[in-house]
Amino acid sequence: MRVVTLNLNGIRSAATKGWVHWLETVQADFMGVQEVKAQAADVAGRFDALAGMRGYFHFAQKKGYSGVGLYSRHVPSDVRIGFGSREFDAEGRWVELRYDTVSSLRRRPFRKLSIVSCYFPSGSSGEDRQAAKFRFLARLYPHLVKLKAERDLLLVGDVNIAHREIDLKNWRSNQKNSGFLPEERAWLTKLFGRGGLVDVFRTLNPHPEQYTWWSNRGQAWAKNVGWRLDYHVATPAMAATARREHIYLAQRFSDHAPLSIDYDFAV
């Protein structure tokens, strides 16, 4: 089963750059999208169903801001919009599809499964937004730990943090910048340690220069001066079924690249 994630930097903008046509060729079972930057009226009849998948969305209250979606080829048992934070649910950052009947292609049964598309805040615009990002991380961690205790979990999305030095080109000069701050990196280390979740991409690909975001400034894309900001985060049983990863670089639909991982599971 193929699961894809992509920060669209505007669903309408990405569509003009060929994202919808590309999606029709990918044969995805799920696709998480972030930074939709649209409202329900903008999506209805145009983006609510694509490539044989139905879309489920969490729109921000503020127009033209944030917003996430999760496309699925499979009808969920339940849909959860938001993760219980009044502050951040207003920003459209969490959509969760729940499946209560799940089986592994290796015949190992799963618990109930949640698949989530999530968009972590960026703190790059200033101290206020960095403080909000830290509040988001503090609120999200216990929610993920609780969810993991109840269900298997696969969260895809733009985490807006590069975890280790290998995950960005210019790590030395970015140690005091949002996205590579020690506190942010420590949060991911805790999540992948004591929190018991797995950075699925790194279980498959340990190599450097595997980036999913490039600044629009200078020649970052041309010189591959990038960051790995987009993740698949999973419970160990789910991560163990991951088989292939791919960062799609042949076309650019936004300042991020699509990250696909194939799993041996079925819903």
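Counting restarts for each chain, with residues numbered from 1 along the sequence as it is written. Local features in this predicted model are restricted to residues of pLDDT 70 or higher, and side-chain atom pairs are both shown and tallied only at a pLDDT of 80 or more, whereas totals for entire chains, interfaces and linings draw on every residue. Excluded from the side-chain calculations are hydrogens and water; all other atoms, namely the structure's heavy atoms, are used.

Peer 1: Explain the packing of aromatic side chains to me, please; I cannot follow it from the model alone.
Peer 2: Each Phe, Tyr or Trp ring, with Trp reduced to its six-membered ring, pairs with another whose centre is within 6.5 Å; inter-plane angles below 30 degrees give stacked pairs, above 60 give edge-to-face pairs, and intermediate values give tilted ones. Applying the stated rule across the entire model yields 16 aromatic pairs. For the ring pair Trp213 and Trp227, a centre distance of 6.2 Å and an interplane angle of 75° mean the geometry is edge-to-face. In this pair, Trp213 sits in strand β12 (residues 213-214) while Trp227 sits in strand β13 (residues 226-227), placing the two residues 14 residues apart along the sequence. For the pair Trp213 and Trp227, a shared accessibility class is recorded, and that class is buried. Feature note: the residues Phe83, Phe88, Trp94, Phe120, Phe136, Tyr141 and Trp187 constitute an aromatic cluster, connected by ring pairs. To sit over a ring, a charge needs its Lys NZ or Arg CZ within 6 Å of the ring centre and within 35 degrees of the ring normal. Just above the ring of Tyr65 sits the side chain of Lys62; from NZ or CZ to the centre is 5.0 Å. A cation over a ring is seen here: Lys190 above Tyr141, with NZ or CZ 4.1 Å from the ring centre. For helices the rule is a DSSP run of H or I covering at least 4 residues; for strands it is a run of E covering at least 2, with both sets numbered from the N terminus onward. Note on classification: 1.4 Å probe, protein chains only; a residue is buried when its accessible area is under 20% of the maximum for its type, exposed when over 50%, partly exposed between these limits.

Peer 1: When you look at the pattern of salt bridges in this model, what are you seeing that I'm missing?
Peer 2: Pairing is possible between side chains that carry opposite charge, provided their charged atoms lie close to one another. Each reported salt bridge corresponds to a side-chain nitrogen of Lys or Arg within 4 Å of a carboxyl oxygen of Asp or Glu. The full count for this structure, using the stated rule, is 17 salt bridges. In this structure, Arg12 engages Asp42 in a salt bridge whose closest nitrogen and oxygen atoms are separated by 3.4 Å. Of the two residues, Arg12 is situated in helix α1 (residues 11-16) and Asp42 in helix α3 (residues 40-43); the sequence distance between them amounts to 30 residues. Classification of Arg12 as partly exposed rests on a relative accessible area of 34%. Glu150 is paired through a salt bridge with Lys146; the nearest N and O atoms lie 2.7 Å apart. Highlighted residues: Glu150 and Lys146, both in helix α5 (residues 127-150), separated by four residues, approximately one helical turn. Salt bridges here are not isolated pairs; linked through shared partners, they connect Asp167, Asp199, Arg202 and Arg228.

Peer 1: Can you help me understand the pairing of strand β5 (residues 68-72) in this one?
Peer 2: Side chains on a regular strand alternate between the two faces of the sheet. Counting buried positions along β5 gives five out of five residues, so the element sits mostly inside the fold. Side chains of β5 alternate between two faces, with Val68, Leu70 and Ser72 and Gly69 and Tyr71 buried alike. When strand β2 (residues 30-34) meets β5, the two strands line up antiparallel, connected through five bridges. Among the inter-strand pairings, Met31 is bridged to a residue of β5, identified as Tyr71. One requirement defines pairing of two strands: DSSP has to find at least two bridges between them.

Peer 1: Got a minute to help me understand the nonpolar core in this structure?
Peer 2: As a rule of thumb, soluble globular proteins bury nonpolar side chains together. By nonpolar core is meant a set of buried Ala, Val, Leu, Ile, Met, Phe, Trp, Tyr and Cys residues that side-chain atoms within 4.5 Å join together. In terms of nonpolar packing, the biggest core is built from 30 residues, with Leu154, Tyr263 and Phe265 touching the most fellow members. Mapped by element, the contributors of at least two residues to this core are β5, β7 (94-99), β9 (113-119), β10 (152-158), α7 (200-204), α8 (236-239), β15 (242-247) and β16 (259-263). Contact definition: two residues touch when any of their heavy atoms are within 4.5 Å. Sequence-distant contacts of Tyr263, that is, excluding residues within four places in its chain, are made with Met1, Val3, Leu154, Val200, His232, Met238, Thr241 and Ala242.

Peer 1: Even after reading the chapter, I still don't get helix α6 (residues 182-192), so can you show me in this structure?
Peer 2: Each α-helix turn comprises 3.6 residues. Residues three or four places apart therefore point the same way. All of the buried residues along α6 are Glu184, Trp187, Leu188 and Leu191. Buried residues of α6, viewed axially, fall in a sector of 95°; they line one side. The arc under discussion is defined with respect to the helix axis, by the directions toward the C-beta atoms.

Peer 1: I would appreciate a short explanation of the environment of Leu97 in the present structure.
Peer 2: Following the sequence through the fold, Leu97 ends up in strand β7. Setting aside its immediate chain neighbours within four residues, Leu97 contacts Phe30, Tyr56, Leu70, Ser72, Pro76, Asp78, Val79, Leu113, Ser114 and Ile115.

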